Structure formats: C-alpha cells, structure tokens
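Here's the letter readout for the chains.
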Amino acid sequence: MSEERPTTDAAQEETAEEVRAADADAWAQACAEDLAAEKARRRAQYGTPPGSAAEELRKLVDAVADKLSGLQSPLFGAVASGTAQQMVNQVVQQAKAAVEPVLERNPDVFDHLAAAGSELLAAYRSAVEAQERRWTTRDAGPRDEGTGPGERIDLD
C-alpha cells in the first residue's frame, strides 16, 4: 500500500480550498469587468481622461506651434510676410526640438512638478481661507481697550 487514500476530511478541505480559489478568481474577474465598464461609462460621459503631465505639455506645445504657424501678421506687409512666416516656423521647430528630448527622457518629472504645483496651490488656498476666517470673525467692539500708553479722551 504505497498510495494511501486521503481521508474524507482531507478531501473535503482540498475541495473547499479549490472552491475558495475559484470564488476568488470569479470575484477578481467580476471586479475587473465592473472596473472596465465604469471606465467605459466615464469615457463616454466625460471624454478621454487627461494623460500624464508630459503628454499634456506635448499637446500644449503642438497646439501653440500650430496656432503660431497659422498666424498671418498684417504688421509685416505683403513683402515680408513670407520671410516672417519662415521665421515663425523655424522658431516653432526649434522649440519642439528642445522640448521633445526632455519629455522623452523625464516624463515622470513633469508628473512630480504637477503634483508639487497642486500641493502649493492647496497650501496657498488654506492660508488665504484661514486669513479670511480671521477677518470675518473679528469682534465689532471697541478696539482701543488695550494696555497701550495712550489715554482715552472723551470729546463730548
């Protein structure tokens, strides 16, 4: 008898563990499906979510470059407008060439900078709200009841 049959308790424990594992997998799959459905619903309602800070900066640079390239300046006149347009295009291309390598090498830096900016804004907002609270809750009573060296003079 080299092989022993497991006892009924051991067989029941194995079956229970298999059921728990199957339940856990089913739960994980249901959660993933719910999350995907919620993301699809939000995408349909609000549009695509914003990308990383580096992607948003790249979009901003592209939008500004397109806008500058499409400008026709009446200040230069008809003769110089072609030259001015070439200069604008050259400046736009140089700006893109300077920004792209930075975005490629350090995409996380822009996310950190965006988070730091949000934290600074929150700190500023908190300070302003605290000061406003102090201004609005001051007593309306007389203010010269301090212990200063001055003397109160009644003019009536």
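Refer to the preceding data block for the structure.
Computed from a predicted structure; not experimentally measured.

Engineer: Just to check I follow, could you spell out the overall build of the chain for this structure?
Structural biologist: Scanning the chain from N- to C-terminus turns up four helices and zero strands. The linear arrangement of helices and strands in the chain, starting from the amino end, is α-α-α-α. Burial analysis of the chain (156 residues in total) assigns 5% to the buried set. For the chain, restricting intrachain contacts to residue pairs at least 6 apart in sequence, the fraction spanning at least 24 positions comes to 58%. Summing over all exposed atoms, the chain offers an accessible surface of approximately 13,800 Å²; the carbon and sulfur share of this is 56%.

Engineer: What exactly am I supposed to notice about the pattern of salt bridges here?
Structural biologist: Between side chains of opposite charge, a pair can form when the charged atoms approach closely. A complete count under the given rule lists six salt bridges for this structure. Between glutamate 38 and arginine 41 there is a salt bridge, with the nearest N and O atoms lying 2.6 Å from each other. Pair noted here: glutamate 38 and arginine 41 are both in helix H1 (residues 8–46), with a separation of three residues, about one helical turn. By relative accessible area, glutamate 38 is classed as partly exposed at 29%. Notably, a salt bridge pairs glutamate 100 with arginine 58, separated by 3.3 Å at the nearest N-O pair. Residue glutamate 100 is located in helix H3 (residues 77–105), and its partner arginine 58 is located in helix H2 (residues 53–70); the two are separated by 42 residues in the primary sequence. Arginine 58 gets classed as partly exposed once you look at its relative accessible area, which sits at 23%.

Engineer: It is not clear to me how a negative patch on the surface should be interpreted in this structure. Could you clarify?
Structural biologist: Judged by side-chain charge, Glu13, Glu14, Glu17 and Glu18 come together as a negatively charged surface patch. In this structure, glutamate 18 sits in helix H1. We classify glutamate 18 as exposed; its relative accessible area is 55%.

Engineer: Honestly, H2 in this entry has me stumped. Any pointers?
Structural biologist: In this model, H2 (18 residues) spans 26 Å end to end at C-alpha, consistent with the 26 Å of a helix rising 1.5 Å per residue. When we look at burial in H2, the residues that qualify are Ala54, Val61 and Ala65. An end-on view of H2 places all buried positions within 35° of arc, on one side of the element. Looking at H2, the residues exposed on the side facing more than 90 degrees away from the buried face are Lys59, Leu60, Asp66, Lys67 and Gly70.

Engineer: Would you explain a nonpolar patch on the surface in this entry?
Structural biologist: On the surface, a nonpolar cluster with roughly 250 Å² of combined accessible area is contributed by Leu60, Val64 and Leu68. Within the secondary structure, leucine 68 is located in helix H2. Take leucine 68: its relative accessible area is 36%, and that puts it in the partly exposed class.

Engineer: Is there a simple way to think about the packing of H2 against helix H4 (residues 107–136) in this case?
Structural biologist: For any two helices packed against each other, one specifies the inter-axial angle together with the distance between the axes. It is at 7 Å that the axes of H2 and H4 come closest, and there the two elements cross at 95°. Considered as vectors, H2 and H4 are oriented roughly perpendicular to each other. Two secondary-structure elements touch here, H2 through Ala53, Ala54 and Leu57 and H4 through Pro107, Phe110, Asp111 and Ala114. Its residues assigned to classes, the contact of H2 with H4 shows six nonpolar, no polar and one charged.

Reading the values: the criteria
- Residues numbered from 1 in each chain as written.
- Predicted model: local features only at pLDDT ≥ 70, side-chain atom pairs only at ≥ 80, totals over all residues.
- Heavy atoms only, no water.
- Helix = DSSP H or I, 4+ residues; strand = E, 2+ residues; numbered from the N terminus.
- Buried < 20%, exposed > 50% of the residue type's maximum accessible area, 1.4 Å probe, protein only.
- Contact = heavy atoms within 4.5 Å.
- Areas by Shrake-Rupley, 256 points an atom, 1.4 Å probe, with all protein chains shown as cover.
- Salt bridge = Lys/Arg side-chain N within 4 Å of Asp/Glu carboxyl O.
- Patch = residues over 30% accessible without salt bridge, like charges linked within 9 Å, V, L, I, M, F, W, Y side chains within 5 Å.
- Lys, Arg positive; Asp, Glu negative; His and termini not counted.
- Charge placed at Lys NZ, Arg CZ, Asp CG, Glu CD.
- Expected span 1.5 Å × (residues − 1).
- Arc of directions from axis to C-beta.
- Axes fitted to C-alpha atoms, helices over the stretch in contact; angles between N-to-C directions.
- Parallel < 35°, antiparallel > 145°, perpendicular 65-115°, else oblique.
- Nonpolar A, V, L, I, M, F, W, Y, C, P; charged D, E, K, R; others polar.

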